Amino acid sequence: MKSIKLVLQNRRSFLLKTLSSCVACSLATSDIFGVNNKLLQEEKHKFDSESKMTEQDVYNFAFKQWYIPAMKNLMKQVGKEHFIKILKRASDMQYERNNKNEVDYSSNTLQRWASDIIKGCEEWNTKLTYEVLTNNEKLFEIKFTECLWAKTFREAKASEIGFAGVCYKDYGVTKAYNPKMQLTREMTLMQGDECCHFKWTMEA
């Protein structure tokens, strides 16, 4: 009888110790993971934290507060006509190739261009509202009825700066993609029209 009580006591003691150890392990594990999580958070640089800004807030910060005032001041110094001219030229230069003759444009087709444009529009759908009008081997036509760039620049009374510095790049991008591709655009939101109407064709 005494031996049975001793066994029961030993079992009870073992279970209590084991349970205590498990709880301790759990707490220790949680503490370790907590430290690791804290370390991971500390390793993330503050510049990578969420900005908590709307799309409009971002554009106001980037353009209305900094870019547009600087461009307006520059325009005052050099004169409006000359400023718009050199800003358009600067937009073109961003996409000029130094080795045009060495580039193989055979894979840069109108169909591939259309696919890339549509994909880009889908990714930027919080900044643009668009409609594809025509998409075939001879013509890619798309219309934009809302554009955050145009809205931001027009609100800042800087549509001419916006057209020369932002919209005009579309011509340079087109030429850089394939010199045989042509862009026709007679309407833009930036210039006060009801839409941006793009037409791309490819020379035979």
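Residues numbered from 1 in each chain as written. Predicted model: local features only at pLDDT ≥ 70, side-chain atom pairs only at ≥ 80, totals over all residues. Heavy atoms only, no water.

Asks: Any chance you could explain the overall build of the protein chain here in plain terms?
Replies: Scanning the protein chain for helices and strands turns up 7 helices and 4 strands. Mapped in sequence order, the helices and strands of the protein chain form the string α-α-α-α-β-β-α-α-α-β-β. Going through the 204 residues of the protein chain one by one, you find that 26% of them count as buried. The long-range fraction of contacts in the protein chain, counting pairs at least 24 apart against all pairs at least 6 apart in sequence, stands at 59%. For the protein chain, the accessible area works out to roughly 14,600 Å², and carbon and sulfur atoms hold 55% of it. (Helix = DSSP H or I, 4+ residues; strand = E, 2+ residues; numbered from the N terminus. Buried < 20%, exposed > 50% of the residue type's maximum accessible area, 1.4 Å probe, protein only. Contact = heavy atoms within 4.5 Å. Areas by Shrake-Rupley, 256 points an atom, 1.4 Å probe, with all protein chains shown as cover.)

Asks: So what exactly am I meant to see when it comes to helix 4 (residues 110–123) here?
Replies: One full turn of an α-helix is made of 3.6 residues, so residues set three or four places apart face in the same direction. Taking 1.5 Å of rise per residue, the 14 residues of helix 4 would be expected to cover 20 Å, and the 20 Å separating its terminal C-alpha atoms lies within 8% of that figure. Within the sequence span of helix 4, burial applies to Leu-110, Trp-113, Ala-114, Ile-118 and Cys-121. Seen end-on, helix 4 carries its buried residues on one side only, within an arc spanning 130°. Those residues of helix 4 that are exposed and angled more than 90 degrees off the buried face are Lys-119 and Glu-123. Buried residues belonging to helix 4 abut strand 1 (128–135), strand 2 (140–147), helix 7 (169–177), strand 3 (181–185) and strand 4 (196–202). (Expected span 1.5 Å × (residues − 1). Arc of directions from axis to C-beta.)

Asks: I tried to follow the environment of Gly-172 on my own but got confused; where do I start?
Replies: Relative to the assigned elements, Gly-172 resides in helix 7. Here Gly-172 falls in the buried class, since its relative accessible area comes to 4%. C-alpha of Gly-172 to C-alpha of Ala-90: the two residues are 82 residues apart in sequence and 10.0 Å apart in space. Ignoring any residue separated from it by four or fewer positions in sequence, one finds Gly-172 in contact with Asp-92 and Tyr-95.

Asks: I'm lost on the pattern of salt bridges in this one. Help?
Replies: Opposite charge on two side chains allows them to pair when their charged atoms are near. Summed over all chains, the structure comprises 8 salt bridges. Its salt-bridge partner being Asp-92, residue Lys-175 comes within 4.0 Å of it at the nearest N-O pair. Here Lys-175, found in helix 7, pairs with Asp-92, found in helix 3 (residues 80–93); they are 83 residues apart in sequence, far enough to count as distant. Under the relative-accessibility criterion, Asp-92 is labelled buried at 12%. Here Arg-185 makes a salt bridge to Asp-170, at a shortest N to O gap of 2.6 Å. Here Asp-170 lies in helix 7 and Arg-185 lies in strand 3, a separation of 15 residues in the sequence. With a relative accessible area of 10%, Arg-185 lands in the buried category. By relative accessible area, which is 25% here, Asp-170 ends up partly exposed. (Salt bridge = Lys/Arg side-chain N within 4 Å of Asp/Glu carboxyl O.)

Asks: So what exactly am I meant to see when it comes to the packing of helix 2 (residues 55–78) against helix 3 here?
Replies: Packed helix pairs are specified by the crossing angle of their axes together with the interaxial distance, meaning the distance between the axes. Between helix 2 and helix 3, whose axes approach to 7 Å, the crossing angle comes to 125°. By the angle between their directions, the pair helix 2 and helix 3 is classed as oblique. Read as a crossing pair, helix 2 and helix 3 show a hand that is right-handed. The residues of helix 3 that touch helix 2, namely those facing Tyr-67, Met-71, Leu-74, Met-75 and Val-78, are Lys-80, His-82, Phe-83 and Leu-87. Broken down by class, the residue content of the contact of helix 2 with helix 3 amounts to 7 nonpolar, 1 polar and 1 charged. (Axes fitted to C-alpha atoms, helices over the stretch in contact; angles between N-to-C directions. Parallel < 35°, antiparallel > 145°, perpendicular 65-115°, else oblique. Left-handed = near helix turned anticlockwise from the far one by under 90°. Nonpolar A, V, L, I, M, F, W, Y, C, P; charged D, E, K, R; others polar.)

Asks: Explanation requested: the pairing of strand 3 in the structure shown.
Replies: Note on strand geometry: in a regular strand, side chains alternate between the two faces of the sheet. Judged by which residues are buried, strand 3 turns out to be one-sided: Met-181, Leu-183 and Arg-185 face inward and are buried, whereas Gln-182 and Thr-184, on the alternate face, are not. Examined bridge by bridge, strand 3 and strand 4 share 5 bridges and lie antiparallel to one another. By the bridge assignment, Leu-183 is partnered in strand 4 with Trp-200. (Pairing = 2+ DSSP bridges.)

Asks: Just checking my understanding: could you explain a nonpolar patch on the surface for this structure?
Replies: A cluster of nonpolar residues, Met-53, Val-58, Phe-61 and Trp-66, forms a patch on the protein surface that exposes about 390 Å² of accessible area. Looking at the element boundaries, Phe-61 is found in helix 2. (Patch = residues over 30% accessible without salt bridge, like charges linked within 9 Å, V, L, I, M, F, W, Y side chains within 5 Å.)

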